[in-house]
Amino acid sequence: MFRSQELPDCFYQNKPTLISPNAPTPNHPLYLSNLDDQTFLRFSIKYLFLFRKAVAPDILKYSLAKVLVDYYPLAGRLATSTLRDHKLQIDCNAQGAVFADAFMDITSDDFLQLSGKPNRSWRKLLYRVEVHSFLDIPPLVVQVTNLRCGGMILCTAINHCICDGIGTSQFLHAWAHMITKPKHDITVVPPFHSRHVLKPRNPPQITHTHLGYTRTTLKDNYTHVDINQYLQSQPLVPTSFTFTPLHVLRLKRQCVTSLKCTTFEALASHTWRSWVRSLDLSPSSLKVKLLFSANVRKKLIPELPQGYYGNGFVLACAETAVKDLVTANLHHGINIIQQAKWGLTDGHVRSMIDLLEDKNVKTDTCSSLVISQWAKLGLEDLDFGEGKPLHMGPLTSDIYCLFLPVVGNFDAVRVQVSVPECVVENFEYYMMDGLDEEDIGEQNGFM
């Protein structure tokens, strides 16, 4: 029986290899839009998938080389443009993705026992590329770890400057398709790599207010409270909560009957409110923000091309005073989240792209909870031919909140975020308070 929370070390029989596209690909610098080239996105999206049965590494390597023909920017390298103020671009040079093959002496069931909350030892499951800067990290790093029981853990690190969550899912499903249906063309929409559809206007036209951004040159010492800095200075503990459809129904019942809302809106408002309450922020007039990812592919005029493979999302921003969020009913948070979503028009997004021409502008995380939505990307359905994953989630936990899919329950959502150790108990209480209690109507089936 596996009892330790710490994973054993990985054993690497061979050195990691570079997997390049197995056919000629375009060789050119690829422009990145202002939505791609944000300091806030200079990291890799790190996924972890646990499978009951392993796929042979040679099959995974061959299919990866094949799918990289279409997804060739992932085989390139990030670089800075010498023409435009050190703006990031992709050097599409087919240098290759990193592929590591390892073994760990545990079983799938061992891992499932501790899969609720990531810990630092999980980082062993993704090969660490030794580099001097973020630019030197290959855009795609893959590690396949075979387990004692015949299962495998697949970890991927995909550079966020190249694509968003929708793009990562599109790539992973295309890779799996190369294995499960090798004689068929890609059934998913092929990637559209040009970012010029999101070029800024000349001159820039900032026509809207963008609450989610701030200028680094501005200092407002009177109202400035850096919650983010406080969180980073504390010992952090991962938390994880699974919300079933019944939990969500109970949340929605807290609102006025005239207010219609989505599962995301209800959960986002509830999580934001619980987070703020647990931190016991003061003064009560302090403004706090919720930044959440919103897909704008269909909000632009014209819509972004099908298969658009850059970042096609923005961070929508809801802002309110602490006292209004924590003392009002859940509907207050839902209302301002809905307003933030409705405000994402073509004009708003174009104005945001123009605003980001100013390199002193950055995402305002000082007093913000950031929520990223992974729950409806189809990641839990990824199948390389030996079945769907037993577990899907992030490799690590952070102060940024993730809404994750629940394997085997499409309508459930798992909320994961790291909070300071000193507030964990309060946060867990506020997140689940009253939601696991059964009332008489529900016991009798009156929903």
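Everything that follows concerns the structure shown earlier in this document.
Here's a quick rundown of the structure. (Residues numbered from 1 in each chain as written. Predicted model: local features only at pLDDT ≥ 70, side-chain atom pairs only at ≥ 80, totals over all residues. Heavy atoms only, no water.)

**Details of the overall build of the protein**
For clarity, the cut-off: Secondary structure counts use DSSP, requiring at least four H or I residues in a row for a helix and at least two E residues in a row for a strand, with both numbered from the N terminus. When we talk radius of gyration, it's over C-alpha atoms, and the globule rule is simply 2.2 Å times the number of residues to the 0.38. Throughout, a contact is declared for two residues whenever any of their heavy atoms are within 4.5 Å. Every accessible area reported is derived by Shrake-Rupley at a probe size of 1.4 Å, with residue values counting cover from the shown protein chains alone. The charged-residue count follows a simple rule in which Lys and Arg add positive charge and Asp and Glu add negative charge, with His and chain termini not counted at all. A charged residue contributes its charge at one atom only: NZ of Lys, CZ of Arg, CG of Asp or CD of Glu.
Scanning the protein from N- to C-terminus turns up 11 helices and 17 strands. Here the C-alpha radius of gyration of the protein, 22 Å, is about what a compact globule of 447 residues would show, namely 22 Å. Seen through its C-alpha atoms, the protein measures out along the principal axes to roughly 65 × 60 × 40 Å. In the protein, once contacts between residues fewer than 6 apart in sequence are set aside, the share between residues at least 24 apart is 80%. As presented, the protein carries roughly 20600 Å² of accessible surface, and 51% of it is formed by carbon and sulfur atoms. Side-chain charges of the protein comprise 43 positive and 43 negative groups, with the mean position of each set lying 4 Å from the other.

**Some points on the pattern of salt bridges**
Where we set the bar: The working definition used for a salt bridge is a side-chain nitrogen of Lys or Arg within 4 Å of a carboxyl oxygen of Asp or Glu. Working definition: with a 1.4 Å probe on protein chains only, accessible area under 20% of the residue-type maximum means buried, over 50% means exposed, and in between means partly exposed.
Using the criterion set out here, one finds 19 salt bridges in the structure. Asp36 is paired through a salt bridge with Arg195; the nearest N and O atoms lie 3.2 Å apart. Residue Asp36 is found in the loop between strand E2 (28-31) and strand E3 (44-51), and its partner Arg195 is found in the loop between helix H3 (165-180) and strand E9 (213-215); the two are separated by 159 residues along the sequence. Of the two residues examined, Asp36 and Arg195, each falls in the buried class. Among the salt bridges present, the one from Asp37 reaches Arg42, with a minimum N-O distance of 2.9 Å.

**Notes on the sheet that holds strand E5 (residues 88-92)**
Just so we agree on the cut-off: At least two DSSP bridges between two strands are required for those strands to pair. An axis is simply a line fitted to the C-alpha atoms; with a helix, the fit covers only the stretch in contact. Between two such axes, the angle follows the N-to-C directions and lies from 0 to 180 degrees.
Ordered in space as E2-E5-E4, the 3 strands form an open sheet in which the pairing is antiparallel. Among the strands making up the open sheet, the edge pair consists of E2 and strand E4 (77-80). On average, each strand axis in the sheet is tilted by 40° relative to the strand beside it, whichever way the strands run.

**Side note on the pairing of strand E14 (residues 368-373)**
In the sheet, strand E11 (residues 287-295) pairs with E14 via 4 bridges, with the strands oriented parallel. Paired with Phe292 across the bridge in E14 is Ile371. Of the strand pairs in this sheet, E14 and strand E16 (residues 401-406) are connected by 3 bridges, and their pairing is parallel. Each bridged residue has a counterpart across the sheet, and for Ser372 the counterpart in E16 is Leu402.

**Considering the sheet that holds strand E6 (residues 97-104)**
Spatially, 6 strands are ordered E1-E6-E7-E8-E3-E15 in an open sheet, and the strand pairing comes out mixed. Lying at the two open borders of the sheet, with one neighbouring strand each, are strand E1 (17-19) and strand E15 (391-394). Recorded for the sheet is a direction-independent mean angle of 20° between the axes of neighbouring strands. The pairing of E3 with E15 spans 4 bridges and is classified as antiparallel. Residue Leu48 lies in a different strand from E15, and its bridge partner there is Gly393. Against the sheet, helix H1 (residues 57-67) engages E1, E6, strand E7 (140-147) and strand E8 (152-159), with an angle of about 165° to E6. On the sheet, H3 packs against E3, E7 and E8 and is oriented at approximately 40° with respect to E3.

**Let's talk about the packing of aromatic side chains**
Stated precisely, the cut-off is as follows: Side-chain rings of Phe, Tyr and Trp, where Trp is taken by its six-membered ring, are said to pair if the distance between their centres is within 6.5 Å; with planes under 30 degrees apart they count as stacked, over 60 as edge-to-face, and otherwise as tilted. Here, a charge over a ring means that NZ of Lys or CZ of Arg falls within 6 Å of the ring centre while also lying within 35 degrees of the ring normal.
For the coordinates displayed, the defined rule picks out 15 aromatic pairs. When the centroid spacing of 6.0 Å and the interplanar angle of 85° are considered together, the rings of Phe51 and Phe384 count as edge-to-face. Of this pair, Phe51 sits in strand E3 while Phe384 sits in the loop between E14 and E15, placing them 333 residues apart in sequence. Neither Phe51 nor Phe384 differs from the other in exposure class; each is buried. An aromatic cluster is built from Tyr47, Phe49, Phe51, Tyr71, Phe171, Trp175, Tyr309, Trp374 and Phe384, whose rings are joined through pairwise contacts. In this structure, Lys199 packs its charged tip against the face of Tyr31, placed 5.4 Å from the ring centre. Sitting over the face of the ring of Phe410, Lys376 holds its NZ or CZ atom 4.1 Å from the ring centroid.

**A closer look at the environment of Pro200**
When you line up the elements, Pro200 lands in the loop between H3 and E9. Since its relative accessible area comes to 17%, Pro200 is described here as buried. Other than its neighbours up to four places away in sequence, Pro200 contacts Tyr31, Asn34, Ile353, Asp354 and Glu357.

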